Amino acid sequence: RCIPMLPPELAGRLKRAIRLHQSGEVLRAERIYREVIAADAGAADAWHMLAIAQADQGLLEPAAQAAQSATELQPRIAQYWLTRGRIAAERRHESEAQASSGTAAELEPQLAEAYFDLGKSYEREERLPEAIAAYRAALERNPAPAELHYFLARTLLRSGEPQEAIESYQRAFERDPEGALDRRECLDFLRKLKFEALPDFWQADALRFFKRGDVDRTRFAPGGLSVLMAKEAFQKVCAAAESGSGLEALGAELYEVTHDPLFGLLPAEALLANPGFERL
């Protein structure tokens with residue numbers, strides 16, 4: 001791209017600056033980017049990296065100007081437009097962010113990041129159908145990142161599509177075994193619903209969530225209870241408790257209920273105002 005077109009000495013300095021930038025030495029990197037630009041004002045990669053360095057420091061106005069210079073010098077490079085769009089988004093210039101992300105997508109149609117950024121911008125403007133379409137376009141191009149599924153799930157939830165939201169949350173959390181994504185909004189949502197059934201995944205994931213030391217278990221216990229009560233054994237035992245008969249025939253189910261680790265954890269942490277659960 002642009003680095004090979006620079007004189008070898010400048011190309012070497014630019015590569016060194018990028019390495020410094022990647023190692024966290026942003027100020028030293030910025031100084032070298034400026035030196036490269038002073039020697040060759042047409043060094044689009046240097047302008048692009050200068051924009052990123054300035055944005056990293058919160059200097060959004062000069063970052064926007066540097067990103068614009070990069071796209072003007074090399075208007076066919078999608079990554080430059082992606083950076084320009086992200087800086088515009090940080091400045092809350094959503095129209096420019098959308099236009100830049102859209103240009104990146106046109107230049108590189110398989111660039112999932114462009115559609116992801118476009119979706120986030122639409123979501124910030126409450127244009128939820130367009131955000132959902134953009135997130136789905138990103139996932140068509142790269143279904144692996146948990147974050148893409150997570151943002152789609154949140155937007156589906158806000159759009160009143162609970163079943164699709166739950167499915168997307170599950171795909172997100174399955175890809176996030178370390179629990180980096182925030183489960184709290186999802187658990188708040190789950191407490192409002194009654195499920196006939198949920199995949200086993202939710203039992204294990206809810207248990208991992210409630211075992212964390214940084215969680216307000218009292219607040220989110222109702223969501224955990226919704227997950228728990230979706231299990232078939234709990235439903236059978238609760239029905240028997242409701243009718244006041246038939247428990248004698250549910251030995252296996254009673255064993256499963258009383259030995260369920262989530263069942264053991266939740267009542268110890270919070271008062272659960274659920275009549276069916278209280279009867280059980």
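Here the structure is a predicted model, which is why all the values come from computation and not from measurement.

Reading guide: rules and limits
- Residues numbered from 1 in each chain as written.
- Predicted model: local features only at pLDDT ≥ 70, side-chain atom pairs only at ≥ 80, totals over all residues.
- Heavy atoms only, no water.
- Helix = DSSP H or I, 4+ residues; strand = E, 2+ residues; numbered from the N terminus.
- Buried < 20%, exposed > 50% of the residue type's maximum accessible area, 1.4 Å probe, protein only.
- Contact = heavy atoms within 4.5 Å.
- Areas by Shrake-Rupley, 256 points an atom, 1.4 Å probe, with all protein chains shown as cover.
- Lys, Arg positive; Asp, Glu negative; His and termini not counted.
- Charge placed at Lys NZ, Arg CZ, Asp CG, Glu CD.
- Axes fitted to C-alpha atoms, helices over the stretch in contact; angles between N-to-C directions.
- Parallel < 35°, antiparallel > 145°, perpendicular 65-115°, else oblique.
- Left-handed = near helix turned anticlockwise from the far one by under 90°.
- Nonpolar A, V, L, I, M, F, W, Y, C, P; charged D, E, K, R; others polar.

> Quick question: what am I supposed to make of the overall build of the chain here?
Within the chain one finds 17 helices and 0 strands. For the chain, the C-alpha atoms occupy an extent of roughly 85 × 35 × 25 Å along the three principal directions. Classification of the 280 residues of the chain by burial places 50% in the buried group. Pairs at least 24 apart in sequence give 54% of the contacts found in the chain among residues at least 6 apart. Of the roughly 14,200 Å² of accessible surface on the chain, a fraction of 51% belongs to carbon and sulfur atoms. If you average the places of the 35 positive and of the 44 negative side-chain charges in the chain, the two averages end up 4 Å apart.

> I tried to follow the packing of helix α14 (residues 232-243) against helix α15 (residues 251-258) on my own but got confused; where do I start?
Any two packed helices are characterised by how steeply their axes cross, that is the angle between the axes, and by the distance between the axes. Here α14 crosses α15 at 115°, and the two axes come no closer than 9 Å. Classified by the interaxial angle, the pair formed by α14 and α15 is roughly perpendicular. Crossing of α14 against α15: the hand is left-handed. Along its contact with α14, which presents Ala233, Phe234, Lys236 and Val237, the element α15 presents Glu253, Leu254, Glu256 and Val257. A per-class count over the contact of α14 with α15 returns 5 nonpolar, no polar and 3 charged.

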